[in-house]
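# Topology and contacts: notes
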Amino acid sequence: MSIGFWRRINLNKPKVAFICIHNSCRSQIAEALGKLLAADVFESFSAGTQLKDRINPDAVRLMKELYGIDMEKTQRPKLLKELPPDIDVVVTMGCDVECPYLPSKRREDWGLDDPTGKPDDEFIAIIKEIESKIQSLKAELSAS
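Let us look at the structure shown here. (Residues numbered from 1 in each chain as written. Predicted model: local features only at pLDDT ≥ 70, side-chain atom pairs only at ≥ 80, totals over all residues. Heavy atoms only, no water.)

### A few points about the environment of I55
Here I55 is to be found in the loop between β2 (43-48) and α3 (57-67). Using a relative accessible area of 5% as the deciding quantity, one classes I55 as buried. Setting aside its immediate chain neighbours within four residues, I55 contacts S24, Q28, V60, M71, Q75, R76 and P77. (Helix = DSSP H or I, 4+ residues; strand = E, 2+ residues; numbered from the N terminus. Buried < 20%, exposed > 50% of the residue type's maximum accessible area, 1.4 Å probe, protein only. Contact = heavy atoms within 4.5 Å.)

### What to know about the sheet that holds β2
Here we have four strands laid out as an open sheet, ordered β2-β1-β3-β4, and parallel in their pairing. Only two strands of the sheet have a single partner each, and these edge strands are β2 and β4 (106-109). Taken pair by pair, the neighbouring strands of this sheet meet at an average axis angle of 20 degrees, ignoring direction. In terms of strand pairing, strand β3 (residues 89-92) meets β4 through four bridges, oriented parallel. Bridge assignment links V90 to a residue of β4, and that residue is R107. The sheet contacts of helix α2 (residues 26-37) involve β1 (15-20) and β2, and relative to β2 the element is tilted by about 170 degrees. Against the sheet, helix α5 (residues 120-143) touches β1, β3 and β4, its axis set at about 160 degrees to β4. (Pairing = 2+ DSSP bridges. Axes fitted to C-alpha atoms, helices over the stretch in contact; angles between N-to-C directions.)

### Things to note about the pattern of salt bridges
This structure, assessed with the given rule, holds 14 salt bridges. Between K78 and E31 there is a salt bridge, with its nearest N and O atoms 3.3 Å apart. Of the two residues, K78 sits in the loop between α4 (71-74) and β3 while E31 sits in helix α2, which places them 47 residues apart along the sequence. Note that K105 is salt-bridged to D88, the shortest N-O span being 3.0 Å. Separated by 17 residues along the polypeptide, K105 in the loop between β3 and β4 and D88 in the loop between α4 and β3 bring together distant segments of the chain. The exposed category is assigned to K105, whose relative accessible area is 73%. For D88, a relative accessible area of 15% corresponds to the buried category. Salt bridges sharing partners connect three or more residues here, namely D58, R61, E65 and D120. (Salt bridge = Lys/Arg side-chain N within 4 Å of Asp/Glu carboxyl O.)

Shown next, in the form of structure tokens:
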């Protein structure tokens, strides 16, 4: 199949942006899991209102252990202005991020605790909660 064919398919997929303050942990995990588990239904992006210099090392380590995803090689912290202009769904992670200038068709807040600095079992629980929410979002967007 030609590249043009794939571009047409991708244009029809909703674009989902996972937003957090620093774009270093939960939003990065959601982007990675969205790409892994729901790429057939939606495109995943993440960004923040401020930046950290790198992705949370515990998130990188645990995502590599649990899913074989090396976020250090595939992702980097990004600001909101780096998102595509036509986002369909904005998902905030639960850190009271306000994005009034980020238009979208749908907005939701996942209300997730920040696992930074917590023991691995608590961090993994947040990762698994994000995985579950990605699967639910995939099912909802597939049905619509």
